[in-house]
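Close look at the chain arrangement
Listed here are the chains, written in short residue letters.
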Amino acid sequence: GVAIGGDRYPGTTFLDHMMRYEADPECKMLLLLGEVGGVEEYKVAEAVRAKKITKPVVAWCIGTCAGMFETEVQFGHAGALANSDSETAEAKNASLRAAGVHVPDTFEELPALLNQVYSDLVQKAVIVPRPEPEAPKIPIDYAWAQELGLIRKPASFVSTICDDRGQELLYAGMRISDVFREDIGIGGVLSLLWFKRRLPAYACKFIEMVLMLTADHGPAVSGAHNTIVTARAGKDLISSLCSGLLTIGDRFGGALDGAADLFSTAYDKGLSPREFVDSMRRQNKLILGIGHKIKSRTNPDLRVSIITEYATKNFPATPILDYAREVEGITTAKKDNLILNVDGAIGVLFVDLLRHSGAFSREEADEYARIGTLNGLFVLGRSIGFIGHYLDQKRLKQGLYRHPWDDISYLNPAALQGGMSATKNDRVQVGAAKITSK
């Protein structure tokens, strides 16, 4: 096949190529696809009428819809415009049909007409069908194959929680419009991005409660203190937030992970609460999640009451919480403030949630507890408070912080060795050698 283009002045014409195929003994029938505009199709019709072209010709001129418009229409390229009635597609189709060319009534009928003419030639033995040669294998375009999902390039890393490639952002397969339409809240979004699944409504509510309870605990705790000092040193929000977050660990915030692990491990081993407490005492270890500086059995922590009451009413089961409560009964018998604190309550309840919500297998529940999910909840919740402290200091325009001398015990080694008592004027150089001149 040859495409001559649609310019007003083409380099070759329909007739040039039709005559070349007419002279080719291997060619048994001809197909012409013309269009609105120009008069080259009339030359083909005249050649058929004059018997210059004797082989069967099937033809169709596209653009018959131009007659439906009230004004002249320019179709695509320069030649596709009827400058007179003779250049319309209808007129050229009629002329070709009158000359003896096979022209269908509509474009949709063209395949059937082609098949009819071909079959007639086969029946007359003009065409002897032969097996089609095997088509050469042309590699599919890489970009197209990638779009079809047939191939992929080696990935730098794998992500399974979010997809931003399509028309709409997906959170674990859920469209962002559905996130808002179904009003799943921040707990629902967290369940999608952290756990790759929708958790029950009560579970999402519990997650939001944890974030609310852990958002802040005053300016005196180490994380908030660091954030405030960094903000007052003139640093930006991110630097101040990071300085606070870097204090989170076993001594600050990490009790959630530790409490969850201690209580669930003891429960899984079948230790009675008394056996668990005695084993921790023999090892001279603290029970993470037990104890409070201010709160006690007679002055309970309302934060603990809020989440434990909610869990008791809404969770399918709370065996780890019940176990921790029995441990609390033993520890508070010794000292009134050895209560289940908020870190311990969140830790054991989250294990109960993972194990008994029906959303996770036991292996999945244990893995999420092991890889730091609880610590992530504390980090996320406490970031709210840290940012609040940063904004508070900036709003108050607080200057550089310097810790007061009277809150520091300066111990001068030389004074102590001489039996002298240390005073505020006895200052110590730490990590510095004495420099003398020779």
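Residues numbered from 1 in each chain as written. Predicted model: local features only at pLDDT ≥ 70, side-chain atom pairs only at ≥ 80, totals over all residues. Heavy atoms only, no water.

Some remarks on the side chain of serine 383
Structurally, serine 383 can be placed in helix H17 (residues 373-396). Residue serine 383 is classed as buried on the basis of its relative accessible area, which comes to 13%. At a separation of 2.6 Å, a polar atom in the side chain of serine 383 contacts the main-chain carbonyl oxygen of valine 379. When sequence neighbours within four positions are dropped, the list of residues in contact with serine 383 reads Leu241 and Leu245. (Helix = DSSP H or I, 4+ residues; strand = E, 2+ residues; numbered from the N terminus. Buried < 20%, exposed > 50% of the residue type's maximum accessible area, 1.4 Å probe, protein only. Polar contact = N/O pair within 3.5 Å; in protein donor to acceptor, adjacent residues only side chain to side chain. Contact = heavy atoms within 4.5 Å.)

Focus on the packing of helix H11 (residues 255-269) against helix H15 (residues 342-356)
Between H11 and H15, the least distance of the axes is 7 Å, while the angle of their chain directions is 60°. When the axis of H11 is compared with that of H15, the two are oblique. Seen along the crossing, H11 lies across H15 with a hand that is right-handed. Residue-level contacts link Ala255, Leu256, Ala259, Ala260, Phe263, Ser264, Tyr267 and Asp268 of H11 to Asp343, Gly344, Ile346, Gly347, Val348, Val351 and Arg355 of H15. When the residues that make up the contact of H11 with H15 are grouped by side-chain class, the tally is nine nonpolar, three polar and three charged. (Axes fitted to C-alpha atoms, helices over the stretch in contact; angles between N-to-C directions. Parallel < 35°, antiparallel > 145°, perpendicular 65-115°, else oblique. Left-handed = near helix turned anticlockwise from the far one by under 90°. Nonpolar A, V, L, I, M, F, W, Y, C, P; charged D, E, K, R; others polar.)

A few points about the pairing of strand S2 (residues 57-62)
Along S2, five of the six residues are buried, which leaves the element largely enclosed by surrounding structure. Between the parallel elements strand S1 (residues 30-35) and S2, the chain passes through helix H2 (residues 40-49) in a crossover that is right-handed. (Right-handed = clockwise from strand over helix to strand, strands pointing away.)

Digging into H2
All of the buried residues in H2 are Glu40, Glu41, Val44, Ala45, Ala47 and Val48. Down the axis of H2, the smallest arc covering the buried residues is 160°, so these residues share one side. Looking at the buried positions of H2, the neighbouring elements they touch are helix H1 (14-22), S1, S2 and helix H3 (89-98). Once H2 finishes, lysine 51 follows within two positions and takes phi at roughly 65°, a positive value. (Arc of directions from axis to C-beta.)

As for the sheet that holds strand S3 (residues 162-163)
Spatial ordering of the open sheet is given by S3-S4-S5, a layout of three strands whose pairing is antiparallel. Each having just a single partner strand, S3 and strand S5 (174-175) make up the two edges of the open sheet. In the sheet, S3 pairs with strand S4 (residues 170-171) via two bridges, with the strands oriented antiparallel. Directly across from cysteine 162, in S4, lies its bridge partner tyrosine 171. (Pairing = 2+ DSSP bridges.)

Focus on the pairing of S1
One ladder, built from six bridges, connects S1 with S2; its direction is parallel. Following the sheet pairing, glutamate 35 is matched in S2 by isoleucine 62.

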